[in-house]
Amino acid sequence: MDTVQSEYILSIKDVSKSFPGVRALDRVSLDVRRGTVHGIVGENGAGKSTLMKILSGVYQKDSGTIIFDGQIIDHTTPHESMKRGLAIIYQELNLVNTMSVGENIFLGRFREMKGMRGTHAKAKELLENIGSKVSTTKLVSDLSVSEKQMVEIAKALSFKSKLIIMDEPSSSLTSEEMVELAKIIRQLKEQGISIIYISHKLDEIFEFCDIVSVMRDGHVIDTKPKSEFTRNELIMKMIGRTIENEYPERPRNVGDTLLEVRSINTRKLHDVSFTIRKGEILGLVGLVGAGRTEIVRALFGADKVRGHKVLIDGKPVHIRNPKDAKDAGFGFIPEDRKFQGLVLPFSVESNISMASIPRFTKFGFIRKSLEKNIAAQQVKSLSIKTPSTRTAVNNLSGGNQQKCIVGRWLEISPKIFIMDEPTRGIDVGAKYEIYTLMKEIAEKGGAIILISSELPEVLNMSNRVLTIFEGRITGEFIPETTPADRIMSAALGIVGGES
Amino acid sequence: MEEKKSVLKAGASMLRDYLVLVMIAFLVVITAIIEPKFLSGSNLVNIMRQFGPLIMVSLGMTFVIIGGFIDLSVAGTINLVAVVTISLIQPLGQLPALLIGLALGIVCGTLNSILILSSGALTQAEALFITFGMSTVYSALALLYSHGSTMHFWDISASKSVFEAIGGGNIGFFSVSFVIFLVLLAILWIFQSKTADGRAICLTGGNKTAARLSGIQISRSIVEIYVICGFMAAVGAIVLFSRITTAAPVIGAGYETSAILAVVVGGTTLKGGKGSVLRTVMGVLLVVLMSNCLDLLGVSSYMQYAVKGAILMFAIWLDNRKQA
């Protein structure tokens, strides 16, 4: 162990961490070999993020030892750990949108770089090194997600990082961008840089990683070379049980037309019209930025739109804001759970009850006991894992947070449920529960509009899909009988057509 | 071991939560020891009086801050309401003057909220600038209306018994202004913690986007918080000029900062969502006691500004620690 360079870049031994009411990490041990890609999989709430935040210095561990590059790390800060050569690239990238690429890479270090010229020259070198041709003077707000990721990686390299942690790097990348990412990971590895790769997506884990660790409930369950894991074994270890299917069957009892939308026109959308039937799941397929979210936001009254018509059960309804939409029978799960869905510091109870306040209000006064019942009932029927209904929703895992939002709307039994990325960033087990819920809602006669960046999810859950390209509907398909590539090419704007 | 630790932690967080109470007790004891005059009847009456106008303004400000916004226009509102109300006692009689004064506060608040809503300003910083601008407008109107001169009670020959009662009267043991405070506190506390509108305001302050996408009318919450704040500023203005029996068009200067200080020191977070009017009562008590104690100890008023600033910084620092 006392040789100059141990074979491990990072050794974690018996690290524990508790939060009020939760033991997030329980004597976790993990060794990362130099120059390898080490995958960490686990459901949300398994402790992956907590472990990474301890490594980077955002949290402090309660006990245990961490040895990074031969040095014992005790109390550290994010800045110190970066300087030491340990960089984290978070899922929600940490860049300043209003500054240029070069400025972002050397943020706060312009003097070291001898001014702007040096900054941009060095930034260009770093980016070229990883095969990126992004101009260093471009504003970060003008970059695509994958370009931003490149900038983050370049930034990590500028600190001469020996270990780069990538937290869910693929969650908003297109498939072409994934190819790029794969290339970069290979390059980094060749340069002797170790990588910890955190993901829910098993395909990526099997593609990129050399060694895989599985975390569950604050423990490292198993660490093995990738080749010794089978896909099913990995899933089983992650969730602690087996699941036969990734998706339940589609809802079967599709009824009459429930909703009719006529000609939504905005700056981004062009003459969008469609219908949805009772008991149907309608999927919207398209690239990020094609206008899927804009369509449902317009429908829900979240963005101002004029001139379109909405009919429910043949009767016109006038929706000017989300409250009108709620009263007309819509429910809405926004794409960004933390910033658009939840009031994070508030309790599970108030987060669940916030769409149904009139239901437990008499003469303008809140009846606390009724509210408590409502929340307790949703927690029970959706089996939301929380110490109590008074716990801050912030302390729950992603899947359980999402269930709180689902429960919020189920309480008012919406006729039309809009779900924008309902399973983003949540684990396999919780995903299946959400799918089952969707099926139940549809089978009770509700209609669901589903948006997802994961194509298999939309294709396997929807009765019907619409493809969206550059703000227009380019096709309508029955996914059960249509090959996926035909749907995909319509979503890419290559061919249109009905099926 | 683990249990002990968590008990300690819970204790520490509780202490942090109610630090303001500890500080009040500490302040009372220390000052009473150093300066026995502190507990004399006349000084306590003095404290009660200082408490009056500031608590009214601060209670209103609490709602704006819980709703995730801020209101710097209260100083201007106080100026305008004070000079208009006092000038109307002679021509219209005291009750109409009182009602018009209160209505004027509501109008100012409504105007603020309309400006904020119509400009689409949804951040605290934007609200800060809009209401700062409105404060200058209201102050200018007060100056124009009064031609810059101070109006006095002794110039009014009509009956002004209501205002004299508000300024110096007693109901039993309590001063009239203290009873007004208790009644308003009860109403506002019930509104904040027991009604659907109060809940909507908290949710709006907690996360405006999430609240709106859950079908809560945040525009209604925004109008409500500014109307309450404007109304309470008007009440504060009336209590203030009734006590000092004069109304200058700059009478409200400094009340906006003192009110924000009291609300934050009381423990309502500037980030919005969490807080309470009861906490604000403690905050005001601390601010008033502090300045009274510094007065008694002979600390210069320049130095007192520095102390106030330091306390505000400390309160914000503490608040951020709590969030983390």
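Calculation rules
- Residues numbered from 1 in each chain as written.
- Chains lettered and ligands numbered in written order.
- Predicted model: local features only at pLDDT ≥ 70, side-chain atom pairs only at ≥ 80, totals over all residues.
- Axes fitted to C-alpha atoms, helices over the stretch in contact; angles between N-to-C directions.
- Helix = DSSP H or I, 4+ residues; strand = E, 2+ residues; numbered from the N terminus.
- Parallel < 35°, antiparallel > 145°, perpendicular 65-115°, else oblique.
- Contact = placed C-beta atoms within 7 Å.
- Nonpolar A, V, L, I, M, F, W, Y, C, P; charged D, E, K, R; others polar.
- Pairing = 2+ DSSP bridges.
- Domains from an automatic or database assignment.
- Core = buried A, V, L, I, M, F, W, Y, C linked by C-beta atoms within 7 Å.
- Buried ≥ 20, exposed ≤ 12 C-beta atoms within 10 Å, placed from the backbone.

### A look at the packing of helix H9 (residues 196-206) of chain B against helix H11 (residues 218-244) of chain B
All names here are of chain B.
Next up, step 1: Their axes nearest at 9 Å, the elements H9 and H11 cross at an angle of 100°. Considered as vectors, H9 and H11 are oriented roughly perpendicular to each other. Along its contact with H9, which presents Asp197, Ala200, Ile201 and Thr204, the element H11 presents Ile218, Ser221, Glu224 and Ile225.
Next up, step 2: In the contact of H9 with H11, the residues fall into 4 nonpolar, 2 polar and 2 charged.

### Some remarks on the sheet that holds strand S8 (residues 194-198) of chain A
Residues and elements named next belong to chain A.
Next up, step 1: Taking strand neighbours across the sheet as the criterion, the 6 strands line up as S6-S7-S8-S3-S9-S10 in an open arrangement whose pairing is mixed. One side of each edge strand has no neighbouring strand; the edge strands of this open sheet are strand S6 (86-89) and strand S10 (219-225). Along the sheet, successive strands turn relative to each other by an average axial angle of 20°, direction set aside.
Next up, step 2: In this sheet, S8 lies alongside strand S7 (residues 163-167) in parallel orientation, the contact comprising 5 bridges. From the neighbouring strand, Leu163 faces S8, where its bridge partner is Ser194.
Next up, step 3: Relative to S8, helix H6 (residues 175-190) is tilted by about 145°, and along the sheet it contacts strand S3 (37-42), S7 and S8.
Next up, step 4: Against the sheet, helix H8 (residues 231-239) engages S3, strand S9 (211-216) and S10, with an angle of about 30° to S9.

### A word on the domain arrangement of chain A
Interfaces are often described in size by the accessible area the parts lose on coming together.
Next up, step 1: Splitting chain A by domain gives domain 1 (8-239) and domain 2 (257-498).
Next up, step 2: On a C-alpha basis, the centres of domain 1 of chain A and domain 2 of chain A stand 32 Å from each other.

### Section: the interface of chain A and chain B
Next up, step 1: Counting from both sides, the interface comprises 21 residues of chain A and, opposite them, 18 residues of chain B.
Next up, step 2: Of all the elements in the fold, those that place two or more residues in the side of chain A that touches chain B are helix H10 (322-328), helix H11 (337-341) and strand S18 (365-366) of chain A.
Next up, step 3: Here the residues of the side of chain A that touches chain B sort into 14 nonpolar, 4 polar and 3 charged.

### Focus on the nonpolar core
Next up, step 1: Judged by nonpolar contacts, the single largest core of 157 residues is most densely connected at Ile418(A), Ile448(A), Ile449(A), Ile78(B), Ala82(B) and Cys229(B).
Next up, step 2: A per-element tally of this core places H11(B) first, with 17 residues.
Next up, step 3: Ile448(A) has contacts with Ile281(A), Leu282(A), Phe417(A), Met419(A), Met438(A), Ile441(A) and Ala442(A), leaving out every residue within four places of it along the chain.
Next up, step 4: One finds Ala46(A), Ala123(A), Leu127(A) and Ala156(A) within the second-largest nonpolar core, a separate group that totals 57 residues.

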